[in-house]
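Observations on chain architecture
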Amino acid sequence: MEYQYPIDYSWSTEEIVDVIKFFEAIEKAYEKGIERDEVMNAYRRFKEIVPSKAEEKTLCGEFEEQSGYSSYRTIKKAKDSSSGDRIIMK
């Protein structure tokens, strides 16, 4: 798919890379499945960079609009799962 990840150019290069890794983890959950712990680790790092719920909703909303992949639903499913589970979104 061709779309851009929502990023804030005030973030450091490392933070931008980590936010992109989070969105890639969401993509992976939809495209082939991902380990629960992998997606939760990416989400925890994302929340260190984007602690604001409002900013999280904005970024995830932009991502979903462009990709069709819901970060919210993926993280909710991961939180409801156990360590070692595989998250596969439809």
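Our subject is the structure listed above.
Each chain has its residues counted from 1, running along the sequence as written. The predicted nature of this model means local features are confined to residues of pLDDT at least 70 and side-chain atom pairs, given and counted, to a pLDDT of 80 or more, with totals for whole chains, interfaces and linings taken over all residues. Water and hydrogen atoms were dropped before computing side-chain values, which therefore reflect all heavy atoms in the structure.

Quick notes on the side chain of S70
Selection criterion: Starting at the N terminus, helices and strands are each numbered in turn, a helix being any DSSP run of H or I of at least four residues and a strand any DSSP run of E of at least two. Each polar contact in these results corresponds to two N or O atoms within 3.5 Å; when the atoms are within protein, one needs to be able to donate a hydrogen and the other to accept it, and residues that are neighboring in sequence are counted only if both atoms are side-chain atoms. Note on definitions: a residue-residue contact is assigned when non-hydrogen atoms from the two residues lie within 4.5 Å.
With respect to the helices and strands, S70 occurs in the loop between helix 3 (53-67) and helix 4 (71-80). Side-chain polar atoms of S70 contact the backbone nitrogen of R73, separated by 3.0 Å. Apart from residues no more than four positions distant in its own chain, S70 is found in contact with I26, Y30 and E64.

Section: the packing of aromatic side chains
How two aromatic rings sit relative to each other is given by the distance of their centres and the angle of their planes. Let me state the cut-off plainly: Two aromatic rings, drawn from Phe, Tyr or Trp (for Trp, its six-membered ring), form a pair once their centres lie within 6.5 Å of each other, and the interplanar angle then sorts them: stacked below 30 degrees, edge-to-face above 60, tilted otherwise.
Per the stated rule, a full pass over the model turns up 11 aromatic pairs. Between Y30 and Y69, the ring centres sit 4.7 Å apart and the planes meet at 15°, which makes this aromatic pair stacked. Of this pair, Y30 sits in helix 1 (residues 13-31) while Y69 is found in the loop between helix 3 and helix 4, placing the two residues 39 residues apart along the sequence. What links up through ring pairs into an aromatic cluster is the set Y3, Y5, F22, F23, Y43, F46 and F63.

Thoughts on helix 3
Worth spelling out the cut-off: For a helix, the expected span equals 1.5 Å multiplied by the residue count minus one. Each residue is placed in one exposure class: buried if its accessible area under a 1.4 Å probe, protein chains only, is under 20% of its type's maximum, exposed if it is over 50%, and partly exposed if it falls in between. Working note: the arc is built from the helix axis to C-beta atom directions.
Helix length check: helix 3 (15 residues) gives 21 Å between terminal C-alpha atoms against 21 Å at 1.5 Å per residue, within 8%. Taken as a whole, helix 3 has its buried residues at E56, L59, C60, F63 and S67. Angular distribution of buried residues about the axis of helix 3 spans 95°; they occupy a single face of the element. Residues of helix 3 that are exposed and angled more than 90 degrees away from the buried face: A54, K57 and E65. The secondary structure elements touched by the buried residues of helix 3 are helix 1, helix 2 (36-49) and helix 4.

Section: the packing of helix 2 against helix 3
What counts here: Structural elements are reduced to axes, namely lines fitted to C-alpha atoms, with helices fitted over the stretch in contact, and the angle between N-to-C directions of any two is expressed from 0 to 180 degrees. Under this scheme an angle from 65 to 115 degrees is roughly perpendicular, one under 35 degrees roughly parallel, and one over 145 degrees roughly antiparallel; angles in between are oblique. For any helix crossing, the convention is left-handed if the near helix is rotated counterclockwise from the far helix by under a right angle, and right-handed if that rotation is clockwise. By the convention adopted, Pro, Cys, Tyr, Trp, Phe, Met, Ile, Leu, Val and Ala count as nonpolar, Lys, Arg, Asp and Glu as charged, and the other residues, Gly among them, as polar.
In contact at an axis separation of 10 Å, helix 2 and helix 3 are set at 120° when each is read in the N-to-C sense. Taken together, helix 2 and helix 3 sit at an angle that is classed as oblique. For the crossing formed where helix 2 meets helix 3, the hand is right-handed. Residue-level contacts link Y43, F46 and K47 of helix 2 to K53, E56, L59 and C60 of helix 3. The class makeup of the residues in the contact of helix 2 with helix 3 is four nonpolar, no polar and three charged.

Here we look at the environment of Y43
Within the secondary structure, Y43 is located in helix 2. Y43 gets classed as buried once you look at its relative accessible area, which sits at 8%. Note: C-alpha distance between Y43 and F22 (21 residues apart in sequence) is 6.1 Å. Apart from residues no more than four positions distant in its own chain, Y43 is found in contact with F22, K53, E56, I75 and K79.

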